[in-house]
Structures are given as structure tokens and as C-alpha cells.
Amino acid sequence: ELGRSGQGIKTLEEARKLAASVKNRQGEGNALGNLALVHFQLGAGEDAERYNREALKLFEAVGDKAGVARCWKLASMMHT
């Protein structure tokens with residue numbers, strides 16, 4: 001009933017929760033970044049921005065410069 005997109009979002013949410021439960025902030029950031037991208041592609045701008053902000057915070061906290069760059073790139077795509 002969720003369709004392919006819905007199933008993908010559900011799977012990414014499960015990955016995010018699992019990463020958070022084992023305190024893997026890098027993995028959680030990756031899942032959040034992917035959730036942001038999927039929501040952006042589906043036209044759900046508010047959700048995309050929220051997930052992207054959360055991912056950015058985690059990437060900054062762990063010092064992942066590539067993750068930070070991906071977040072800024074997606075943010076710029078959302079605002080063009």
C-alpha cells in the first residue's frame with residue numbers, strides 16, 4: 001500500500017533508527033541525508049529540509065566534511 005517510494009522511506013527510517021540505537025552518528029547522518037534526498041525528489045520540500053538539517057548537524061558533529069558538502073549541495077538544489 002505504500003508503493004516503492006513509501007517502502008524506501010520506511011527502510012531508510014529503520015536504518016536511521018538502528019544507527020541511532022547503536023550510537024552510529026555517521027550512519028544516522030547518511031540515512032537522514034538519503035531521506036532528505038528522497039523527499040526532495042518526491043516534492044516534499046519541508047520534510048526534505050528538516051531531514052537535511054538533521055543530517056548536517058550530525059555530519060558537522062562527527063567532522064564528516066563530505067557529508068557536510070552533500071547537505072549544502074542538496075540545500076542549494078532545494079533553493080534554486
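K.L.:
I would appreciate a short explanation of the packing of helix 2 (residues 25-41) against helix 3 (residues 45-62) in the present structure.
P.N.:
Across the interface, helix 2 lies against helix 3 with an axial gap of 8 Å and an inter-helix angle of 155°. As judged from the angle between their axes, helix 2 and helix 3 are roughly antiparallel. Judged by the sense of rotation from one axis to the other, the crossing of helix 2 with helix 3 is left-handed. Contact residues: helix 2 offers R25, Q26, E28, G29, N30, L32, G33, L35, A36, H39 and F40, while helix 3 offers D47, A48, Y51, N52, E54, A55, L58, F59, A61 and V62. Taken together, the residues of the contact of helix 2 with helix 3 sort by class into eleven nonpolar, six polar and four charged.

K.L.:
What is the right way to look at the layout of surface pockets in this model?
P.N.:
Sizing a probe to match a water molecule and rolling it over the atoms shows the empty space that remains. Looking at the largest pocket, its volume works out to about 200 Å³. N30, G33, N34, L37, N52, F59, G67, R70, C71, K73, L74 and M77 are the residues that line the largest pocket. For the lining of the largest pocket, the elements supplying multiple residues, two or more each, are helix 2, helix 3 and helix 4 (65-78). The element best represented in the lining of the largest pocket is helix 4, accounting for six residues. Across the lining of the largest pocket, the residue classes tally to five nonpolar, five polar and two charged.

Cut-offs applied
Residues numbered from 1 in each chain as written. Predicted model: local features only at pLDDT ≥ 70, side-chain atom pairs only at ≥ 80, totals over all residues. Heavy atoms only, no water. Axes fitted to C-alpha atoms, helices over the stretch in contact; angles between N-to-C directions. Helix = DSSP H or I, 4+ residues; strand = E, 2+ residues; numbered from the N terminus. Parallel < 35°, antiparallel > 145°, perpendicular 65-115°, else oblique. Left-handed = near helix turned anticlockwise from the far one by under 90°. Contact = heavy atoms within 4.5 Å. Nonpolar A, V, L, I, M, F, W, Y, C, P; charged D, E, K, R; others polar. 1 Å grid on protein atoms, 1.4 Å probe; cavity = no way out; pocket = protein on both sides within 12 Å on 5 of 7 lines; lining within 4 Å. Points joined across faces, edges and corners; volume = space filled by probe spheres on them.

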